[in-house]
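Commentary on secondary and tertiary structure
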Amino acid sequence: LAAFGLLNVFAIKTFKDYKRKIGAKLADAETRVQTADAYSTKLESVREEMDWLTDNLPEPKMGQSVGSQLEQFASSQAAASQLEVKRKRILDPETTGAHFHRARVEYEVTGTEASLYRWLSKLYVPTKLSAITSLRLAPNAADDTKIDCKVTAEQWYRPQTDGEAEGGEEVLPEAAQQ
């Protein structure tokens, strides 16, 4: 009878330990399911943006070429929009991003309101990852029909790695090309 009582106490203790472990595993599983649901919801909310970025992903480029191309584009569009360029300069690229860097140019221009807005709308090109990140407008002191504008335009680009040529092609060492 004493052995049966000890066996029951041991069995009950083992069962309680087993039940506690199962409860802890169940709580952990519920937490994981909630986390997975949260990730799934977040993924669905940004899926469209991810698809757009995949469709418009630029080829890897050298930072200097992106900056000079952005400057040339902004200058040609300013001339086409009949703006007077007072000052322009290529700023140092922003290279802190893990996947993208930013080429930056700064312009000071003067022109009519319509010309200025036409130029600004041409600088904003989402498919080329180009945007206006800083804009300051002021009335022109000499001519009240014109507006002075200081603008910073930026273009995000994928930096070229050591093993890639411009355009994303793999560069092979000379020994491997022979």
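Everything that follows concerns the structure shown earlier in this document.
Residues numbered from 1 in each chain as written. Predicted model: local features only at pLDDT ≥ 70, side-chain atom pairs only at ≥ 80, totals over all residues. Heavy atoms only, no water.

**Quick look at the sheet that holds strand E4 (residues 147-157)**
In any sheet, the strands associate via hydrogen bonds between backbone groups, in a parallel or an antiparallel arrangement. Here 4 strands make up an open sheet; going across it, the order is E1-E2-E4-E3 and the pairing antiparallel. Looking along the sheet, the strands with just one partner apiece sit at the ends: strand E1 (84-94) and strand E3 (130-139). Going from strand to strand, the sheet's axes swing by 15 degrees on average, the running direction of each strand aside. Relative to E4, strand E2 (residues 101-111) is paired through 11 bridges, and the arrangement is antiparallel. (Pairing = 2+ DSSP bridges. Helix = DSSP H or I, 4+ residues; strand = E, 2+ residues; numbered from the N terminus. Axes fitted to C-alpha atoms, helices over the stretch in contact; angles between N-to-C directions.)

**Here we look at the pattern of salt bridges**
On inspection of all chains with the given rule, the structure shows 10 salt bridges. Between Glu 71 and Lys 88 there is a salt bridge; the shortest N-O distance is 3.0 Å. Of the two residues, Glu 71 is situated in helix H2 (residues 63-80) and Lys 88 in strand E1; the sequence distance between them amounts to 17 residues. Notably, a salt bridge pairs Asp 148 with Lys 86, separated by 3.2 Å at the nearest N-O pair. Note that Asp 148 is positioned in strand E4 and Lys 86 in strand E1, a separation of 62 residues in sequence. (Salt bridge = Lys/Arg side-chain N within 4 Å of Asp/Glu carboxyl O.)

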